[in-house]
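Survey of secondary and tertiary structure
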Number of protein chains: 2
Amino acid sequence: MSTPVYDPPALEKGALRVTPLGGLGEVGRNMTTYEFDGKILIVDCGVLFPEEHQPGVDLILPDFEPLKNRLDDIVGVVLTHGHEDHIGAVPYLLKLRQDIPLIGSALTLALVEAKLKEHRIKPVLTVVKEEEEWDIEPFVLEFVAVNHSIPDALAIAIRTPAGLVLHTGDFKMDQLPLDGRITDLRAFARLGEEGVDLFLPDSTNADVPGFTPTERAIGPVIDQVISKTPGRVIVASFSSHVHRVQQVLDAAAANGRRVALLGRSMVRNMTIAADLGYLKVPDNVLVDYKKAKDIPDDQIVYMSTGSQGEPMAVLSRMANLDHAIEPGAGDTVILASSQIPGNENAIYRVIDGLTKLGANVVHKSNAKVHVSGHAAAGELLYCYNILKPKNVLPVHGEYRHLMANAKLAQDTGVAEERTILGENGSVIDLKDGIARVVGQLDLGFVYVDGSTVGEITDADLKDRRTLGEEGFVSVIVVVDAATGRIITGPEIHARGIAEDDSVFEAVKPKIAKALEEAAASGVRDTHALSQTVRRTIGRWVNQSLRRRPMIVPLVIEA
Amino acid sequence: MSTPVYDPPALEKGALRVTPLGGLGEVGRNMTTYEFDGKILIVDCGVLFPEEHQPGVDLILPDFEPLKNRLDDIVGVVLTHGHEDHIGAVPYLLKLRQDIPLIGSALTLALVEAKLKEHRIKPVLTVVKEEEEWDIEPFVLEFVAVNHSIPDALAIAIRTPAGLVLHTGDFKMDQLPLDGRITDLRAFARLGEEGVDLFLPDSTNADVPGFTPTERAIGPVIDQVISKTPGRVIVASFSSHVHRVQQVLDAAAANGRRVALLGRSMVRNMTIAADLGYLKVPDNVLVDYKKAKDIPDDQIVYMSTGSQGEPMAVLSRMANLDHAIEPGAGDTVILASSQIPGNENAIYRVIDGLTKLGANVVHKSNAKVHVSGHAAAGELLYCYNILKPKNVLPVHGEYRHLMANAKLAQDTGVAEERTILGENGSVIDLKDGIARVVGQLDLGFVYVDGSTVGEITDADLKDRRTLGEEGFVSVIVVVDAATGRIITGPEIHARGIAEDDSVFEAVKPKIAKALEEAAASGVRDTHALSQTVRRTIGRWVNQSLRRRPMIVPLVIEA
């Protein structure tokens, strides 16, 4: 079911070319390029986290291939907000050209800068804020405040002679956000009156009816849980969720407790957020983790990472009694977070472990301790009606989310032929007020694994899946180069198959016989002899064990 | 965090010994043994399905170890209902002793019989039904109708001189079930008045507040979806959910459509259910799959398996255009099922694939097309109040479910010391109206993989996880037995690591050097030389690639 690939025509004069490189058909690695008059503007440059069919992969990047011989044409990368799926691939892009200008809000760029420091890259940064304009030839950018699950998110209005584009980034429309910074619907209205030629809205929750509840609703729940807990309170959440942490700090302060931050990313991000004034730390509330042990149980809250059941994170280690803090009776653990699909089993293993230790565990399924960061269908309808866009390209979502968002656009009167269901690599030209798909690039997944980028291929992942499901059997035979006769072997070793290798004794004579026959008929090529070994043992394993491990035969001449 | 293992004392005369072998701390492989006066009765004998950390495993069995030298003492296996997590391990138990009597309702035993036929086992069956008693020395059994997501489920009351035990099996309390067969609360009341000494209730939904909605609520939703669909309708559900299929058949009939069953287990189970009268097939509704293609799109419903996104099942294959039925615009697919934790990504891949083909996909998250088969907290409270059990041992659930169920018992007045939080292998003796834990057996996971049972160990699974995450590097060196000098090699081959093996050229001289040094210092033992190879390449791979693949060194003498 792969989409036919075809080259786009040369970009016409006066037309704007929009190419999403990531984020369409997936939640992650958001990245879109805008080309006008030979110059390229990039919006976001994020990573995708691997699923279970991509074992061992650390991160997945957008495919930068279309940019590789255009690096000097890039005028800048605008970052809508500081989440990994929007900024995480920046270091890998800058490794191609280090001085590409990065443009974004203060918090976003502070988070990017910290990340780049780990990669030893010193970036060129331009801090902007809402209601500002930025002229970056031939693009004129205007920044619009939007509300999301991280502070300081921006929507980007992009003006070129081809028309006005509005790219929302991730957003929702909490009407009572903690920091008072609402999604600026007055600006949306003004842009709508000017005429939005192309609208690229966040689709994550487009298939969720109604409205995302306010973040403010969570504070009282956390406050109540803390006030009723006789022992320690441990709260786990995302390490960039400043407002969630804010509510924990406030609730702790109100209950006369101090807060210790746990986990490297939590400490780093909250230090940045506090330094920049996004996190308002109540007086005398934060305490260093090392000093927290001296504080009585009923006067401490630990704020940690690990809400997704990540095995090496603080919370999992606590559940396995592999951490200095050992939760028990009287303690409460709050998982103030979503359950990202695929993580449920890991999360419930942590919940069960903590429950078994005697702790009370409060999570999304038994209390209102999480709200989404994305606009639900009801909110998106407001956007469409206020903007009345001429063309819509839903972004940021799996296919069903893009589809649901396109339907919402159509429900508000956008013509079906003006709602574009694109994919990564779709090339969309905007000209004379009409956006249409004019090409489809062939883009791949770029896997980061250890220190390697793009070395691991889909074939390697297929090998890993086979190895992980079935293990392997290696067979080594040393033969005489001249006669083809076996000198040593077959030596058979297996992993992930059975308790010991003695099970393979039965097949050794068969392999020896097959090799003798091949040698007798004049075969000397070690590759051909390896294939003989593979067939012989493969058939035997399938029949006698009903398994299909990877067979790794090796015939060596000596 | 493993529980200390300790031997139980010899069973006292007049006491009943209860030992759960599976189902506690997990959802699956339910099995409990009851011992009195040297005889053993087993309730249920199910399988557990593997999670992602148990790759390649087909099924997980309860550990039969404690029964292996007691096989002749087993008087029978009572099966509460026909789900795999209650009957799936029966063939493996009967392989130990084929004539163990099986006792259960007509549908349950018909499903067991079909399963045993595939294993070429002819069982000894005793069909029973609700309100009947069965005397199986020294146990007197009474069967009580309970309502569940499969027809003909039974709770088991077990009488011995030690007292009265009630083992619910899986159940809920739908007050308007499709077949009119409600959970028999009158019988529960009568047993309660007699005095229930030990109660073993289903805990699956004990942490879900309120009441499970009636199965009857789903019919109108399915009917409406079918009536509004211009093209084909494809419904996927569990292949044993007779009442769900019943509602699809009825809705199809009401809309003038015929139904073709798809998937081996769906066809087999529904044939059994129809033969026994549990499935009431409306006249002229069922049609053979092969003839269904000739029926116009707006007159057909396909009823299939694959609702969990299983890659080889019908629905996944349709989503991948790898099936004769290719869903498209105008068609509707209904996933009338739960999303079992861990399956979400697979399920959503199927939903996205179908959406992309143009089909309308209706599922649990956007319509009321599924209800649970298990009693929620509200229903369990009714049970506790009507039964007033003296001792409670919650079964069938992860630890948090057992804990929630114990709390419900305590809320209705059961003393905390009379609610037992057991584990698999906990040995619980009931004597003089008091149940207490007297031992803890050391039980393991028994993995079925291909044709092998119990051959795959936890160490093998750890190997598989390493292989699946990181791949392996094999290094083969042939050395001269006398001098230790290298004759051939090192040959290095890797899978799941990188595109080609040339990356390892750099380390070959290091390996050769390390071996030469070892040989020079007199080392001749091939195992010791292998360890030298392992250390050398392992360190190099960690440092240069930042990975930790499995290293498989082999030094061969020739």
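Residues numbered from 1 in each chain as written. Chains lettered and ligands numbered in written order. Predicted model: local features only at pLDDT ≥ 70, side-chain atom pairs only at ≥ 80, totals over all residues. Heavy atoms only, no water.

1. With respect to the UniProt feature "binding site: Zn(2+)" (unreviewed entry) in chain A
Residues and elements named next belong to chain A. Under the present numbering, the feature "binding site: Zn(2+)" (unreviewed entry) in UniProt falls on His81, His83, Asp85, His86, His148, Asp170 and His396. Look at the named residues: they lie 316 residues apart in sequence, but the longest C-alpha span between them is just 14.0 Å, so in the fold they bunch up. Assignment of secondary structure puts His83 in the loop between strand E5 (74–78) and helix H1 (84–87). Using a relative accessible area of 15% as the deciding quantity, one classes His83 as buried. Setting aside its immediate chain neighbours within four residues, His83 contacts Gly88, His148, Ser149, Ile150 and Ser240. Leaving out residues up to four positions away in the same chain, Asp85 has contacts with Gly28, Arg29, Asn30, Gly46, Val47, Asp170 and His396. (UniProt positions renumbered as here; feature names shortened; annotations may be inferred. Helix = DSSP H or I, 4+ residues; strand = E, 2+ residues; numbered from the N terminus. Buried < 20%, exposed > 50% of the residue type's maximum accessible area, 1.4 Å probe, protein only. Contact = heavy atoms within 4.5 Å.)

2. A short note on the sheet that holds strand E23 (residues 472–479) of chain A
All names here are of chain A. Strand order in the open sheet formed by three strands is E24-E23-E25, with mixed pairing between adjacent strands. The strands lining the two open edges of the sheet, one partner per strand, are strand E24 (486–495) and strand E25 (550–557). Across the sheet, the mean angle separating the axes of adjacent strands is 10° when strand polarity is ignored. With seven bridges joining them, E23 and E24 adopt antiparallel strand pairing. For Val475, the partnering residue across the bridge sits in E24 and is Ile492. Across the sheet, helix H15 (residues 526–545) touches E23, E24 and E25, and the angle it forms with E25 is around 140°. (Pairing = 2+ DSSP bridges. Axes fitted to C-alpha atoms, helices over the stretch in contact; angles between N-to-C directions.)

3. Brief notes about the pairing of strand E15 (residues 300–304) of chain A
All names here are of chain A. Buried residues dominate E15, accounting for five of its five residues. Residues Ile300, Tyr302 and Ser304 point to one face of E15 and Val301 and Met303 to the other, with burial holding for every one of them. Direction of pairing for strand E13 (residues 233–236) relative to E15: parallel, over a ladder of four bridges. Paired with Val233 across the bridge in E15 is Val301. One ladder, built from four bridges, connects strand E14 (residues 258–261) with E15; its direction is parallel. Within E15, the residue paired with Arg258 across the bridge is Ile300.

4. Thoughts on the UniProt feature "binding site: Ca(2+)" (unreviewed entry) in chain A
Residue and element names in this part refer to chain A. Residues given the UniProt feature "binding site: Ca(2+)" (unreviewed entry) here are Gly56, Asp58 and Asp449. These annotated residues cover 394 residues of sequence, but their C-alpha atoms sit close together, with the largest distance between any two at 7.1 Å. Among the structural elements, Asp58 can be located in the loop between strand E3 (39–43) and strand E4 (59–61). According to the relative accessible area criterion, Asp58 is partly exposed, its value standing at 38%. Positionally, Asp449 belongs in strand E21 (residues 446–449).

5. Side note on the interface of chain A and chain B
Taken together, the contact between chain A and chain B spans 63 residues of the former and 63 residues of the latter. Between chain A and chain B, roughly 5800 Å² of surface is buried when both sides are summed, and carbon and sulfur atoms account for 56% of that area. Scanning the region where chain A abuts chain B turns up 10 salt bridges. Between Glu52(B) and Arg349(A) there is a salt bridge, with its nearest N and O atoms 3.8 Å apart. In this assembly, chain A and chain B are joined by 26 residue pairs in polar contact (both at pLDDT 80 or more). (Buried area = accessible area lost by both parts, 1.4 Å probe. Salt bridge = Lys/Arg side-chain N within 4 Å of Asp/Glu carboxyl O. Polar contact = N/O pair within 3.5 Å; in protein donor to acceptor, adjacent residues only side chain to side chain.)

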